[in-house]
Amino acid sequence: MTSLEKHQRGLLALIKHRAPDADDAWLRQISGSKQMEMLAEIALWWRLYQIKEQCRYTARLLRRLRRYEQTVKAFFEANTTSPYIEKLSRDFLTSLTVHPDALISAVATFELACLQIPLSSQRWRIVWDREPTCVLLALDQEAAIPPPETDCHYVMQVGADVPGRAMCTRCANFFPGSF
Amino acid sequence: MASVSGNTSTKASPALATTYEGYDRELCVRIAELVDFLELAPDGMSKTNGTTHDVRPEVMDEIAIVAPPLNLIAHGVGLSIGSFDTWNEGYLRLLDQLFERFPLRWHSEHLGYTTVAGENIGTMLPLPRTDESLDLVCERVRSLQDRYKVPFLLEHVIQLLPDVPESYSNAEFLNEITARTGCGLILDAYNLECDRYNLGLDVAAFLGELNMAPVRELHVAGGTQHRGFQLDIHSGPASEATLALALDIIARAPNLSVVTFEFLKEAIPVLSHDGICSELARVRKAISQ
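Residues numbered from 1 in each chain as written. Chains lettered and ligands numbered in written order. Predicted model: local features only at pLDDT ≥ 70, side-chain atom pairs only at ≥ 80, totals over all residues. Heavy atoms only, no water.

Undergrad: Go over the overall build of chain A, please, and point to the residues and values.
TA: Looking only at helices and strands, chain A has eight helices and three strands in total. For chain A, the sequential pattern of α-helices and β-strands runs α-α-α-α-α-α-α-β-α-β-β. Over its C-alpha atoms chain A spans a radius of gyration of 20 Å, topping by over 25% the 16 Å that the globule rule assigns to 179 residues. Split into buried and exposed, the 179 residues of chain A put 47% on the buried side. For chain A, long-range pairs separated by at least 24 residues make up 51% of all intrachain contacts whose partners lie at least 6 apart in sequence. For chain A, the accessible surface area stands at approximately 9,000 Å², while carbon and sulfur atoms represent 53% of it. (Helix = DSSP H or I, 4+ residues; strand = E, 2+ residues; numbered from the N terminus. Rg over C-alpha atoms; globule rule 2.2 N^0.38 Å. Buried < 20%, exposed > 50% of the residue type's maximum accessible area, 1.4 Å probe, protein only. Contact = heavy atoms within 4.5 Å. Areas by Shrake-Rupley, 256 points an atom, 1.4 Å probe, with all protein chains shown as cover.)

Next comes the structure, spelled out in structure tokens:
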């Protein structure tokens, strides 16, 4: 490995809070320094800003849940993030489509589907545990997010071929609280 | 109208430029009346469609409306000229598209890197000032010069970390690059102030050691302090100290032809259109003295 490669790979590791090459004295010297932490903070700050601008609903929801910074930080540090805002946003939202919190997963999938409409003929099926329009309005207007509905769920279809690009059906739960 | 010839015997005031990234036609029209050059940011004007990355045609259309009396230059952030493995071919595609549409007077990039082994690092870092870096950058500069046939300029970036052992000095490193390739330089007065504040750079000694002949363009900007660091977030008007340093650089650089007031598009809501226009008038007045 050339020294330039070693240098750059080492700084990438430190910015993303991964383990750098322990043999390099200079990397050891700067590891944990306030300068290095500043660089990592700047890199994270840009990702927070870009995602907030591009993934408006998901970012608002995560901020409302006080999980925005930690979620973006974890994504940034664990993944090869794109410098291009559109790809960064898609990758971030994709990572949240399987989130264990059903609301985060639904909002992120909805937003991803909306971003993908001009690019793909895919039809998305998103299951919500509460009325989605009320959720999106609440995020838009910084109002209270409605609680989950125990007796029903909502199935939303999103796609270029869906009339109005999105439609939603209310479905009764066979067992209350399940969907 | 200010001179762009760089003639030292009858040195006129440098021309004035500013940044534009699109989607603010009102601002574009206003600044076009105040500047001689428009600095286009290929990265900021682009959009990813699936797998391809292109300059947004609607932004090029906006620029085409105001551009005729103006000189256009391109200034990138995404080439990653210093990455050990490869630079960003996607950026060159953007630059190709700009060159196809507009007669750019020159183009420029930062002497740093944003990508490592294909992974974006989330910020821009300066290169270690070593022989290996020098060889890599010079080879790539020559390639750019062959490809575009207009001058190519490099801009130094701020440094937060201490030097690696056995580094060239800041000025030596730039002198070597310009001597080996014939490329030009952009000096950023605010970045130099950041380096002075953060790492104690002796700016006067740096300017004394630097070969000033290749300096074609000068950037001025304002930024912010955070946790004891002066950061190169171009988010405010230039300070009086920055303008004073800019005037010092103008006096020393015989071929400097353009002074660019830079701001991030993210800072426009804070700066305001009126604030940007006032700042352009202020910089114009300062450099015309």
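So that's the structure; there's more coming.
Undergrad: Hey, could you go over the nonpolar core for me, with residue numbers and the actual values?
TA: Of all hydrophobic cores here, the largest spans 110 residues; its most connected members are Leu154(B) and Ile249(B). Per-element accounting of this core gives the leading share, seven residues, to helix 4 (residues 131–148) of chain B. Ignoring any residue separated from it by four or fewer positions in sequence, one finds Leu154(B) in contact with Ile81(B), Glu109(B), His110(B), Leu111(B), Val137(B), Val141(B), Ile177(B), Cys183(B), Gly184(B), Leu185(B) and Ile186(B). Listed in part, the 34 residues of the second largest apolar core include Phe75(A), Ala108(A), Ile117(A) and Leu136(A). (Core = buried A, V, L, I, M, F, W, Y, C linked by side-chain atoms within 4.5 Å.)

Undergrad: Tell me about the packing of aromatic side chains, and name the residues and values.
TA: Tallied over the full model, the rule gives nine aromatic pairs over all chains. Seen from their ring centres, Phe75(A) and Phe92(A) are 5.4 Å apart, and the 75 degrees between their planes marks the pair as edge-to-face. Pair noted here: Phe75(A) is in helix 5 (residues 68–78) and Phe92(A) is in helix 6 (residues 85–96), with a separation of 17 residues, a long-range link. With a relative accessible area of 0%, Phe92(A) lands in the buried category. Ring geometry for Phe261(B) against Phe263(B): centres 5.8 Å apart, planes inclined by 40 degrees, an arrangement best described as tilted. Taken individually, Phe261(B) and Phe263(B) each receive the classification buried, so the pair is uniform in this respect. (Phe/Tyr/Trp six-rings, centres within 6.5 Å; stacked < 30°, edge-to-face > 60°.)

Undergrad: Could you give an account of helix 4 (residues 56–64) of chain A, with specific residues and numbers?
TA: All names here are of chain A. Those residues of helix 4 lying buried are Tyr 57, Thr 58, Ala 59, Leu 61 and Leu 62. Those residues of helix 4 that are buried lie in contact with helix 3 (34–54), helix 5, helix 6, helix 7 (102–116) and helix 8 (132–141). Just beyond helix 4, the residue with positive phi is Arg 66, at close to 60 degrees.

Undergrad: Give me the lowdown on unusual backbone geometry, citing residues and values where you can.
TA: Residue and element names in this part refer to chain B. Although it is not a glycine, Ala 117 adopts a positive phi angle of roughly 50 degrees. Within the fold, Ala 117 resides in the loop between strand 7 (112–116) and strand 8 (119–126). When its relative accessible area of 35% is taken as the criterion, Ala 117 is described as partly exposed.

Undergrad: Break down the interface of chain A and chain B for me, with residues and values.
TA: Across the contact, 36 residues belong to chain A and 40 residues belong to chain B. Buried surface at the junction of chain A and chain B, summed over both partners, amounts to about 3,300 Å²; 65% is from carbon and sulfur atoms. Considering only the surface of chain A that becomes buried against chain B, Leu4(A), Gln8(A) and Tyr84(A) emerge as the three largest contributors, covering 19% of it. Here chain A is connected to chain B by four salt bridges. Where Glu41(A) meets Arg227(B), a salt bridge forms, and the shortest distance between an N and an O atom there is 3.2 Å. If you look at where chain A meets chain B, you find 14 residue pairs in polar contact (both at pLDDT 80 or more). Of all the elements in the fold, those that place two or more residues in the side of chain A that touches chain B are helix 1 (3–15), helix 2 (25–30), helix 3 and helix 6 of chain A. Among the residues forming the side of chain A that touches chain B, the class breakdown is 17 nonpolar, ten polar and nine charged. (Buried area = accessible area lost by both parts, 1.4 Å probe. Salt bridge = Lys/Arg side-chain N within 4 Å of Asp/Glu carboxyl O. Polar contact = N/O pair within 3.5 Å; in protein donor to acceptor, adjacent residues only side chain to side chain. Nonpolar A, V, L, I, M, F, W, Y, C, P; charged D, E, K, R; others polar.)

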